[in-house]
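Close look at the chain arrangement
So you can see what is in the structure, the chains are spelled out below.
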Amino acid sequence: MFVCVCKAISDKDIQTAILDGAEDMEAITRELGVGTGCGTCHDFTQELIHQTLAAKLSYAA
Ligand code: FES
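Quick summary incoming for the structure in this document. This structure is a prediction, so every number in the text was calculated from the model and none was measured.

Let us now look at the nonpolar core. The biggest cluster of nonpolar side chains holds 14 residues, and the ones touching the most others in it are Ile14, Ile28 and Val34. Sorting the residues of this core by element identifies strand 1 (2-4), helix 1 (11-19), helix 2 (25-32) and helix 3 (42-60) as the ones contributing at least two each.

So, on to the side chain of Ser10. The topology assignment puts Ser10 in strand 2 (residues 9-10). A polar contact is formed between the side chain of Ser10 and the backbone nitrogen of Lys12, at a distance of 3.3 Å. If we ignore the near neighbours within four places in the chain, the residues touching Ser10 are Met1, Phe2 and Val3.

Cut-offs used in this document
- Along each chain, numbering runs from 1 in the same order as the chain's sequence is written.
- In view of the model being predicted, local features appear only for residues whose pLDDT reaches at least 70, and side-chain atom pairs are presented and counted only at 80 or more, with totals across whole chains, interfaces and linings using the full set of residues.
- For the side-chain quantities, the full set of heavy atoms in the structure was used; hydrogens and water were omitted.
- Grouping buried Ala, Val, Leu, Ile, Met, Phe, Trp, Tyr and Cys residues that are joined through side-chain atoms within 4.5 Å yields what is termed a nonpolar core.
- For every residue, the accessible area obtained with a 1.4 Å probe (protein chains only) is divided by the maximum for its type, and the residue is called buried under 20%, exposed over 50%, and partly exposed between those limits.
- Numbering of helices and strands runs from the N terminus, with a helix taken as a DSSP run of H or I at least four residues long and a strand as a DSSP run of E at least two residues long.
- Under this definition, polar contacts are N or O atom pairs within 3.5 Å; protein pairs additionally need one hydrogen-donor-capable and one acceptor-capable atom, and for neighbouring residues in sequence, both atoms have to be side-chain atoms.
- Note on contacts: a residue pair qualifies if any of its non-hydrogen atoms lie within 4.5 Å across the two residues.

Interpretation note: all reported values are geometric properties and have no functional meaning in isolation.
Right under this line is the structure:
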């Protein structure tokens, strides 16, 4: 599913970037350009970062 329509970035693209070390909104924006268009994807991207990091941490524990 596309999260950022402006940049054609999917939830999988964002999750992959997080798992590769881009662990906050600034890093995701720098890596993928998410949120640099209309900005409507910002809140969902933040939530996706939070959820993916929580899963990453629980998997590592
Ligand atoms: S949907 Fe992400 S910047 Fe517009």
